[in-house]
Amino acid sequence: MEKKLNFLEQRILKDGIVKEGNVLRVDSFLNHQLDVLLLEEMGKEFYKRFKSEKITKVLTVEASGIAIACFVAAKFKVPVVFAKKSKSLNLGDDVYSAEVESFTHKTKNTVVITKKYISDKDNVLVIDDFLANGAALQGLISIINQAGASVAGIGIAIEKGFQPGGQFIRNLGYHLESLAIVESMEVEPKKINFRK
Ligand code: 5GP
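1. Focus on the overall build of the protein chain
Piece 1. The helix and strand tally for the protein chain stands at 6 helices and 10 strands.
Piece 2. Against the compact-globule benchmark of 16 Å for 196 residues, the protein chain has a radius of gyration of 16 Å, which places it among compact chains.
Piece 3. If one aligns the C-alpha atoms of the protein chain with their principal axes, the spans along those axes are about 50 × 35 × 35 Å.
Piece 4. Classification of the 196 residues of the protein chain by burial places 46% in the buried group.
Piece 5. Of the contacts made within the protein chain by residues no fewer than 6 positions apart, 61% connect residues no fewer than 24 positions apart.
Piece 6. Accessible surface, the protein chain: about 10,400 Å² in total, of which carbon and sulfur atoms supply 51%.
Piece 7. Side chains of the protein chain give 28 positive and 24 negative charges; the mean places of these two sets differ by 3 Å.

2. Comments concerning helix α1 (residues 7–15)
Piece 1. If you check which residues of α1 are buried, you get Leu8, Glu9, Arg11 and Ile12. Within α1, the buried residues cover an arc of 165 degrees as seen down the axis, which keeps them to one side.

3. Structural notes on the side chain of Glu9
Piece 1. Among the structural elements, Glu9 can be located in helix α1.
Piece 2. You can call Glu9 buried: its relative accessible area is 2%.
Piece 3. Setting aside chain neighbours within four positions, we find Glu9 in contact with Lys3, Lys4, Leu179, Ala180, Phe194 and Arg195.

4. Topic: the pattern of salt bridges
Piece 1. Under the defined criterion, the tally for this structure stands at 12 salt bridges.
Piece 2. The salt bridge involving Arg11 is made with Asp15; its shortest N-O contact spans 2.7 Å. One end of the pair is Arg11 and the other is Asp15, both in helix α1 and 4 residues apart, which spans about a single turn.
Piece 3. Look at Arg11 and you get buried, because its relative accessible area is 18%.
Piece 4. Note on Asp15: relative accessible area 23%, which makes it partly exposed.
Piece 5. Because the salt bridges share partners, they merge into one network encompassing Arg11, Lys14, Asp15 and Asp35.

5. Some points on the site of the ligand
Piece 1. Close to the ligand lie 17 residues; Leu24, Asn133, Gly134, Ala136 and Lys160 are nearest.
Piece 2. Here a nitrogen atom of the ligand sits 3.0 Å away from a polar atom, N or O, in the side chain of Asn31.
Piece 3. The backbone of Gly134 places a nitrogen or oxygen atom 2.7 Å from an oxygen atom of the ligand.
Piece 4. Coverage of the ligand by the protein chains reaches 90% of its 500 Å² of free accessible surface.
Piece 5. If you list the elements that add at least two residues to the shell around the ligand, you get β2 (23–25), β7 (123–131) and α5 (135–146).
Piece 6. Per-class residue counts for the shell around the ligand are 8 nonpolar, 6 polar and 3 charged.

Conventions used here
- Residues numbered from 1 in each chain as written.
- Predicted model: local features only at pLDDT ≥ 70, side-chain atom pairs only at ≥ 80, totals over all residues.
- Heavy atoms only, no water.
- Helix = DSSP H or I, 4+ residues; strand = E, 2+ residues; numbered from the N terminus.
- Rg over C-alpha atoms; globule rule 2.2 N^0.38 Å.
- Buried < 20%, exposed > 50% of the residue type's maximum accessible area, 1.4 Å probe, protein only.
- Contact = heavy atoms within 4.5 Å.
- Areas by Shrake-Rupley, 256 points an atom, 1.4 Å probe, with all protein chains shown as cover.
- Lys, Arg positive; Asp, Glu negative; His and termini not counted.
- Charge placed at Lys NZ, Arg CZ, Asp CG, Glu CD.
- Arc of directions from axis to C-beta.
- Salt bridge = Lys/Arg side-chain N within 4 Å of Asp/Glu carboxyl O.
- Near = heavy atom within 4 Å.
- Polar contact = N/O pair within 3.5 Å; in protein donor to acceptor, adjacent residues only side chain to side chain.
- Nonpolar A, V, L, I, M, F, W, Y, C, P; charged D, E, K, R; others polar.

Following this line, the structure appears as structure tokens:
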């Protein structure tokens, strides 16, 4: 029997736009306009999947991860910290930083977190909107390691399963949960297949 699509998969099918270059646009509900009821549902789902962990902080990267991270953090009743993208080379020694190549813009950003917002006592749940090559996650994991904190798990809204990030991160042994895994997609006629 066909597996029923979950709430996010259904929404991607309805409103997602497939672009050339393996880019999926979800501006109408996740990346520009925000459907807060959908975000609330995502918060509940991530809570269900990670509630056995003693999460102390939710970590994401600006800008598009922040909204999802807030709804997750509200369920766990912990703060959200978002890494800031910085162009400055003069970062100072009060921050942890990592270099991240942007999948959508093909530019390199340094992402930074002020040291006082993450410590070796933290058990961190990492949240992001998309997983493609895994560069953003590797940057966030590097920052968590620099702080001596632990990675409790990683929650992704949309993983593009035909790109290498998901397998790479799982092979490193992290508990990675993606709400929707796109197995393949086509621009015209629009076609999006999900991993069962
Ligand atoms: P990665 O670092 O895993 O290669 O890419 C993840 C980051 O790139 C995410 O934070 C997300 O902002 C962006 N991204 C990657 N692929 C897509 C995509 O297909 N659509 C959108 N809207 N953003 C993407």
